[in-house]
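# Survey of secondary and tertiary structure
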Amino acid sequence: METLIPTINRLQEVFLTVGAEIIQLPQIVVVGSQSSGKSSVLESLVGRDFLPRGSGIVTRRPLVLQLVNVAPLQERLRNENGNGVKQNAQNSYPGVKAEEWGTFLHCKNQIFTDFQEIRREIEAETERSSGDNKGISPEPMYLKIFSPKVLNLTLVDLPGITKVPVGDQPEDIEDQVQEMILSFISNPNSLILAVSPANSDLATSDALKLAREVDPDGRRTLLVVSKLDLMDAGTDALEVLLGRVIPVRLGIIGVVNRSQHDINTQKSLEDSMKDEQAFLQRHYPSLASRAGSHYLAKTLSRLLMHHIRDCLPDLKTRVTVLSAQYQARLNSYGQPVEDHSATLLQIVTKFASDYCNTIEGTAGHIQTSELCGGARICYIFHETFGRTLQSIDPLGGLTELDILTAIRNATGPRPALFVPEVSFELLVKRQIKRLEEPSLRCVELVHEELQRIIQHCSSFSTQELLRFPKLHDSIVEVVTGLLRKRLPITNEMVHSLIAIELAYVNTKHPDFTDAAQVSASVNSQQAEALDGGKRWKNEKVAEEKAPPAGFGSPSKGQAINLLDTAVPGSRKLSAREQRDCEVIQRLIKCYFLIVRKSIQDSVPKTVMHFLVNFVKEHLQSELVGQLYKQRLLQELLIESQDTAQQRTEVAQMLEALKKASNIISEIRETHLW
């Protein structure tokens, strides 16, 4: 059991060497309001004056105090000379010729045997980080004191809770101090030593209030009632010490602090502790054996050892889990490059494989938030492109007047007896041309997705690329260049598909309805009665006799320009004109649907062959050809500074975790009980 506290101290030192506290270690946190006697309580535990004193806020940054019990100087000297019982090398401390001494983490290899120097160093280090005018800092200071008079303990002295800012303290000094205190006592592995003076009402104790916020059941809280000798005459703290006012689970211990007069007259702590015991015997005889600084030190040591024993299994599990996590992180950063050629080929091959796998849908990193790779290309082909083609109206943009005009233009100066085929070809080609724009847009969308796959592979699949920024940029540039070269070729092939359809209108296509059948169908639907036919003939005769619309009798001597005559915007079509229009419309719609179906099938095939599959087949060879050059190897495989730094930090942390695991493993299970 006695080895538990030194074990925690060693763990604390191990993690401090890497500048991080990733594990919440068991420790005792001292909390109290300003001038509540915290410093006096700590000094009584050490048995020496070493903390700064003065008016106002004195402790202005956390002080992590490790107390280490060592053998007396004479015994250590005998052990060094080989006489007496051989002790653990950890307790021998060779080369230190002092009974008591201290060391600071920020003062490497410097030993302080004068405790006044320790006080001055605390003041100087505090001023370096917090300023010299009452400012505070959350950065901890680490002090280790070795003495045969102390018990093994780890304590954290925090700034006192203050209300009013002084000096260069900010207006929210109270909130800052409370936030700092809460950051320490929120650690579930910490014990809270709440210090409250006896001459103030416990119901208003700031220390107990903060302790209750994080430890409402009081399972981690020990209350120290200080300044028992300063209570008003005729009053005592017996009810408080017995826990009848405010119960505290770990107990309540009363102590007598040294007065300012004792400090000024340099009264020794030994004499002060004797006077403390005498005071307790006189005023609290029933509690004298369970009060005072000596009893407080033994109680804290016992509580901390038992608390460490309870926390140790979870601590061991936490170290094991973190070791596995940091090992995985270290593996992800890879090893420093030794063989540049092999490393480059490995990364290029891995990237090309991941790129192709993303298209095929067999990549190791599959996104669940959105479609990517081959799935998005499939969506573009069958959803985006397909729906766009389906939304195109076969007769969109064609009016009946356009159709009649095309028919008349196709007949020349002669009246047409039948619907001319040339007008049908002219109009259907115009409609087929409308399929070109969505087809080219389909190529563009697939090209954009192939570009996105580059970033997808860089971010998720090939983590090694993050180590080499120049290689990453070069790979992106090569793949982008390959896609850029294939894009105009693919566009040209899609242009050709449309041009092929425009080059020859195959009216003998198996799915195309014969014009005669269409004409017969229209005639049957528009058949009129005989009198209706005569009426049509009479109208025709009337039309031939009547002057053309818009033409009047010319005045004498006035020239007539027929080309200036306005064409009527809309008029009622004759039955024959309606029949001719409907025939052309049906033929256009029928043939357009045939071509649209063909384009909807051939464009995705063209894109896959000339763009997607070509890139898949030639990607690796293109990357190797462009990048695998001796003059580029050194330049491309330069690691980023962030990666090298992160690998070093993770390696150091992993080493610290391994040391921590070894330290914990040294504790035998039999020592815990």
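Calculation criteria
- Residues numbered from 1 in each chain as written.
- Predicted model: local features only at pLDDT ≥ 70, side-chain atom pairs only at ≥ 80, totals over all residues.
- Heavy atoms only, no water.
- Helix = DSSP H or I, 4+ residues; strand = E, 2+ residues; numbered from the N terminus.
- Contact = heavy atoms within 4.5 Å.
- Areas by Shrake-Rupley, 256 points an atom, 1.4 Å probe, with all protein chains shown as cover.
- Pairing = 2+ DSSP bridges.
- Axes fitted to C-alpha atoms, helices over the stretch in contact; angles between N-to-C directions.
- Expected span 1.5 Å × (residues − 1).
- Buried < 20%, exposed > 50% of the residue type's maximum accessible area, 1.4 Å probe, protein only.
- Arc of directions from axis to C-beta.
- Phe/Tyr/Trp six-rings, centres within 6.5 Å; stacked < 30°, edge-to-face > 60°.
- Lys NZ or Arg CZ within 6 Å of the ring centre and 35° of its normal.
- Parallel < 35°, antiparallel > 145°, perpendicular 65-115°, else oblique.
- Left-handed = near helix turned anticlockwise from the far one by under 90°.
- Salt bridge = Lys/Arg side-chain N within 4 Å of Asp/Glu carboxyl O.
- Patch = residues over 30% accessible without salt bridge, like charges linked within 9 Å, V, L, I, M, F, W, Y side chains within 5 Å.
- Lys, Arg positive; Asp, Glu negative; His and termini not counted.
- Charge placed at Lys NZ, Arg CZ, Asp CG, Glu CD.
- Bend = angle between axes of the 7 residues up to and from the residue.
- Core = buried A, V, L, I, M, F, W, Y, C linked by side-chain atoms within 4.5 Å.
- pLDDT = per-residue confidence, 0-100.

### Quick notes on the overall build of the protein chain
Of regular secondary structure, the protein chain possesses 22 helices and 9 strands. A sequence separation of at least 24 residues applies to 81% of the contacts in the protein chain between residues at least 6 apart. If you sum the accessible surface of the protein chain, you get close to 35700 Å²; carbon and sulfur atoms cover 51% of it.

### Quick look at the sheet that holds strand 1 (residues 27-32)
Within the open sheet, the 9 strands sit side by side as 4-3-5-2-6-1-7-8-9. Their pairing is mixed. Either end of the sheet is taken by a strand with one partner, and the two such strands are strand 4 (111-112) and strand 9 (252-254). Pairing between strand 1 and strand 6 (residues 153-157): 3 bridges, direction parallel. Across the sheet, valine 30 pairs through a bridge with aspartate 157, a residue of strand 6. Sheet contacts for helix 5 (residues 115-130): strand 2 (63-69), strand 3 (101-104), strand 4 and strand 5 (141-147); angle to strand 5, the most-contacted strand, approximately 175°.

### Some remarks on helix 10 (residues 269-283)
When the terminal C-alpha atoms of helix 10 are compared, their 21 Å separation across 15 residues agrees well with the 21 Å that a helix rising 1.5 Å per residue should span. Those residues of helix 10 that fall on the buried side of the exposure criterion are Leu269, Ser272, Glu276, Phe279 and Leu280. For helix 10, the arc enclosing every buried residue in end-on projection is 95°, short of the 170-degree limit, so these residues lie on one face. In helix 10, the exposed residues that point more than 90 degrees away from the buried face are Lys274 and Arg282. Those residues of helix 10 that are buried lie in contact with helix 2 (38-46) and helix 11 (293-333).

### Examining the packing of aromatic side chains
Enumeration over the complete set of coordinates arrives at 7 aromatic pairs. Between phenylalanine 279 and tyrosine 284 the ring centres are 6.5 Å apart and the planes differ by 55°, which places this aromatic pair in the tilted class. Comparing phenylalanine 279 with tyrosine 284, the two get one shared label, buried. By way of ring pairs, the aromatic residues Phe424, Phe512 and Tyr591 are connected into one cluster. The aromatic ring of phenylalanine 614 is capped on one face by arginine 486, whose charged end is 3.6 Å from the ring centroid.

### A closer look at the pairing of strand 6
Counting buried residues in strand 6 gives 5 out of 5 residues, a clear majority hidden from the surface. Neither face of strand 6 is left uncovered, since the one carrying Leu153, Leu155 and Asp157 and the one carrying Thr154 and Val156 both have all their residues buried. In this structure, strand 2 lies alongside strand 6, joined through 5 bridges in antiparallel fashion. Bridge assignment links leucine 65 to a residue of strand 6, and that residue is leucine 155.

### Side note on the packing of helix 13 (residues 374-390) against helix 20 (residues 575-627)
Between helix 13 and helix 20, the least distance of the axes is 11 Å, while the angle of their chain directions is 150°. The orientation of helix 13 with respect to helix 20, classified from their angle, is roughly antiparallel. Here helix 13 and helix 20 pass one another in a crossing that is right-handed. From helix 13, Ile377, Phe381, Phe385, Gly386, Leu389 and Gln390 reach across to helix 20, where they touch Arg596, Ile599, Gln600, Val603, Pro604, Val607, Met608 and Val612.

### Quick notes on the pattern of salt bridges
Tallied over the entire structure, the rule returns 23 salt bridges. Two residues, arginine 258 and glutamate 43, come together in a salt bridge whose shortest N-O distance is 3.5 Å. Pair noted here: arginine 258 is in the loop between strand 9 and helix 9 (260-264) and glutamate 43 is in helix 2, with a separation of 215 residues, a long-range link. Taken as a pair, arginine 258 and glutamate 43 share a single burial class, namely buried. The partner of glutamate 449 in a salt bridge is arginine 452, and the shortest N-O contact between them spans 2.5 Å. Taken together, the residues glutamate 449 and arginine 452, both in helix 16 (residues 436-461) and 3 residues apart, mark about one turn of the helix. Take glutamate 449: its relative accessible area is 2%, and that puts it in the buried class. Note on arginine 452: relative accessible area 35%, which makes it partly exposed. It is possible to trace a salt-bridge network through shared partners that takes in Glu43, Asp49, Arg119 and Arg258.

### Here's the deal with the packing of helix 12 (residues 340-360) against helix 20
With their axes 10 Å apart at the nearest point, helix 12 and helix 20 run at an angle of 170° to one another. Comparing their axes, helix 20 and helix 12 come out roughly antiparallel. Residue-level contacts link Leu344, Leu345, Val348, Thr349, Phe351, Ala352, Tyr355, Cys356, Ile359 and Glu360 of helix 12 to Val612, Val615, Lys616, Leu619, Gln620, Leu623, Val624 and Leu627 of helix 20.

### Overview of the pairing of strand 2
Across the 7 residues of strand 2, 6 count as buried, placing the element largely inside the fold. Both strand 2 and strand 5 contribute to a ladder of 7 bridges, which runs parallel. Opposite leucine 65, over in strand 5, you have leucine 143 as the bridge partner.

### Points about the side chain of glutamine 66
On the secondary structure map, glutamine 66 appears in strand 2. For glutamine 66, a relative accessible area of 4% translates into the label buried. Look past the residues within four positions of glutamine 66 in its chain and what remains in contact with it is Asn9, Gln12, Glu13, Leu143, Lys144, Ile145, Leu153 and Thr154.

### A short note on a negative patch on the surface
Together, Glu171, Asp172, Asp175 and Glu179 make up a negatively charged patch on the protein surface. With respect to the element layout, aspartate 175 can be found in helix 6 (residues 173-185).

### Here's the deal with helix 13
Since one α-helical turn is 3.6 residues long, residues separated by three or four positions face the same way. Helix length check: helix 13 (17 residues) gives 23 Å between terminal C-alpha atoms against 24 Å at 1.5 Å per residue, within 8%. At isoleucine 380, helix 13 shows its largest kink, close to 35°. Within helix 13, the full set of buried residues consists of Gly374, Ile377, Ile380, Phe381, Phe385, Gly386 and Leu389.

### Details of the environment of glycine 243
Structurally, glycine 243 can be placed in the loop between helix 8 (238-241) and strand 9. Considered as a pair, glycine 243 and isoleucine 253 are 10 residues apart in the sequence and their alpha carbons are 9.9 Å apart.

### As for the nonpolar core
Core analysis: the biggest nonpolar cluster contains 69 residues, and Tyr355 and Leu450 have the highest contact counts within it. Mapped by element, the contributors of at least two residues to this core are helix 12, helix 13, helix 14 (400-411), helix 15 (421-432), helix 16, helix 17 (469-503), helix 20 and helix 21 (630-636). At 19 residues, the largest contribution of residues to this core is made by helix 20. Aside from chain neighbours lying at most four places away, what touches leucine 450 is Tyr355, Ile359, Ile377, Leu483, Leu611 and Val612. Core analysis: the second largest hydrophobic core is formed by 61 residues, Ile145, Leu303, Leu654 and Ala656 among them.

### Remarks on the confidence of the model for the protein chain
Averaged over the protein chain, the pLDDT score is 80; the fraction of residues at 70 or greater is 82%. Ranking the elements of the protein chain by mean pLDDT puts helix 4 (residues 89-92) last with 47 and helix 13 first with 92. Low pLDDT (under 50) marks residues 84-90, which in the prediction has 4 contacts with non-local residues, meaning those over four places away or in another chain. Every residue in residues 546-567 scores below 50 in pLDDT, and together they form 3 contacts with partners more than four places removed in sequence or on other chains.

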